[in-house]
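Here's the letter readout for the chains.
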Amino acid sequence: MELIRTVDAMQSHADMVRDDGQALALVPTLGALHDGHLALVRTALEEADHVTVSVFVNPTQFGPDEDYDDYPRDLEHDRDKLEALGVDVLFAPSVEEMYPFVHNEALPGPLAWVSVEHLDEPLCGAYRDGHFRGVTTVVTKLFNACKPDIGVFGKKDAQQYVILQRMVEDLLFDIDIVGVETVRESDGLAASSRNEYLTPDEREQATVLYEAVTAAEEAIRGGEQAVQAVVRAMENELAAAPDANVQYAEVVDAHTLQPAEHLTPGHEVLAAVAVYFGDTRLIDNTFVQVPRS
């Protein structure tokens, strides 16, 4: 596996791979790789001839009170995991490489941003100002650096997944977006780098997120037609965790991310929750097709 640190070198490598007629997949990550990330990598290896995994803790998607400085970083550990799977390239640029104007006093940057309006406002966007603008900007940069034919993303970050799909469509990227289902631990908790922040008691309680979205899915598939009843089912599950500080529990249209007013037969909705345990914020969700009567 080749380790590439600069955009120029990554672009040259991608050009060589594409000129050789190989399909190139990219798996963008923040590092601290867990089973969820590795599932994305395995999907990429199935979908393409050549796989690049990027490891970059992107400062523009973290708010001022979030955990950018403390976010786990262990590139050597990540490198060992990726090499064992047969990944072709690990792209691990510096902040200065990805944002060359950030430290320029005359032109503090970045000056160019990519945003997807409206889809970045509900759910997590209502509480993490600028987060999705940071995500769409850095993913655009990674697409330009790595030149993939396929981008592989996890559906656990459902809002991000929907936003990136729309960004690729609207900006005419010639890239296929592949979504991978949420990878869960044995008790249902979604795999996340932030799980390691939880105390043992919080870790035990955190399964309520999975129980909440499962309750929503069961209610919808069982024929429940009232959105508020589905939301209450989620809230009831979350209430079982005494240390859970619920940020939201919502049911939205799976494509527009706007609040679902009705559970219309045949339509797809997203049931989503965000919960704090102490300073640790966790999310979970499920895409559900409303059954036809």
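Residues numbered from 1 in each chain as written. Predicted model: local features only at pLDDT ≥ 70, side-chain atom pairs only at ≥ 80, totals over all residues. Heavy atoms only, no water.

Chemist: Any chance you could break down the overall build of the chain for me, citing the residues and the numbers?
Modeler: Counting its regular elements, the chain contains nine helices and nine strands. Over its C-alpha atoms the chain spans a radius of gyration of 20 Å, differing by no more than 12% from the 19 Å that the globule rule assigns to 293 residues. Taken along the three principal axes of its C-alpha coordinates, the chain extends 55 × 45 × 40 Å. Long-range contacts, defined as pairs at least 24 residues apart, comprise 73% of the intrachain contacts of the chain with a sequence gap of at least 6. For the chain, the computed accessible surface area is about 14000 Å², with 45% contributed by carbon and sulfur atoms. In the chain, 20 side chains carry a positive charge and 53 a negative one; their mean positions are 1 Å apart. (Helix = DSSP H or I, 4+ residues; strand = E, 2+ residues; numbered from the N terminus. Rg over C-alpha atoms; globule rule 2.2 N^0.38 Å. Contact = heavy atoms within 4.5 Å. Areas by Shrake-Rupley, 256 points an atom, 1.4 Å probe, with all protein chains shown as cover. Lys, Arg positive; Asp, Glu negative; His and termini not counted. Charge placed at Lys NZ, Arg CZ, Asp CG, Glu CD.)

Chemist: I'd like a rundown of the sheet that holds strand β2 (residues 24-29), residues and numbers included.
Modeler: If you walk across this open sheet you meet the six strands as β1-β4-β3-β2-β5-β6, and the pairing is parallel. Unpaired on one side and paired on the other, β1 (2-4) and β6 (176-180) mark the two borders of the sheet. Recorded for the sheet is a direction-independent mean angle of 25° between the axes of neighbouring strands. Taken together, the five bridges between strand β5 (residues 150-154) and β6 define a ladder with parallel strand orientation. Residue F153 lies in a different strand from β6, and its bridge partner there is G179. Contacts from helix α2 (residues 35-47) reach β2, β3 (50-55), β5 and β6 within the one sheet, and its direction differs from that of β5 by about 155°. (Pairing = 2+ DSSP bridges. Axes fitted to C-alpha atoms, helices over the stretch in contact; angles between N-to-C directions.)

Chemist: Lay out the packing of aromatic side chains with the relevant residues and their values.
Modeler: All told, the structure shown has five aromatic pairs when counted by the stated rule. With centroids separated by 6.4 Å and ring planes inclined at 35°, the aromatic side chains of F56 and Y99 adopt a geometry described as tilted. With F56 in the loop between β3 and α3 (75-85) and Y99 in the loop between α4 (95-98) and α5 (131-146), this pair connects stretches of sequence that are 43 residues apart. The buried category is assigned to Y99, whose relative accessible area is 2%. Consider the rings of F143 and F173, whose centres lie 5.5 Å apart with planes at 70°: the pair is edge-to-face. One end of the pair, F143, is in helix α5; the other, F173, is in the loop between α6 (158-170) and β6, with 30 residues separating them in the sequence. An aromatic cluster is built from F62, Y68 and Y71, whose rings are joined through pairwise contacts. Here the guanidinium or amino end of R73 rests over the ring plane of Y68, the centre of that ring lying 4.9 Å away. (Phe/Tyr/Trp six-rings, centres within 6.5 Å; stacked < 30°, edge-to-face > 60°. Buried < 20%, exposed > 50% of the residue type's maximum accessible area, 1.4 Å probe, protein only. Lys NZ or Arg CZ within 6 Å of the ring centre and 35° of its normal.)

Chemist: Which residues make up α6, and what values do they have?
Modeler: Helix length check: α6 (13 residues) gives 18 Å between terminal C-alpha atoms against 18 Å at 1.5 Å per residue, within 8%. Along α6, the residues classified as buried are A158, Q159, Q160, Y161, V162, I163, L164, M167 and V168. Next to the buried residues of α6 lie α5, β5, β6, β8 (268-277) and β9 (280-289). (Expected span 1.5 Å × (residues − 1).)

Chemist: An account of the sheet that holds strand β7 (residues 244-253) is requested, with residue identities and associated values reported.
Modeler: With respect to topology, three strands assemble into an open sheet ordered β7-β8-β9, the strand pairing being antiparallel. Each edge of the open sheet carries a strand with a single partner, namely β7 and β9. Averaged over all adjacent pairs, the angle separating strand axes in this sheet is 10°, with direction ignored. Sheet topology note: the β7/β8 ladder contains nine bridges and is antiparallel. Looking at the pairing, A249 lines up with V273 of β8. Against the sheet, helix α8 (residues 208-221) makes contact with β8 and β9, and its axis sits at roughly 15° relative to β9, the strand it touches most. The strands touched by helix α9 (residues 227-238) within the sheet are β7 and β8, with β7 carrying the most contacts at an inclination of about 155°.

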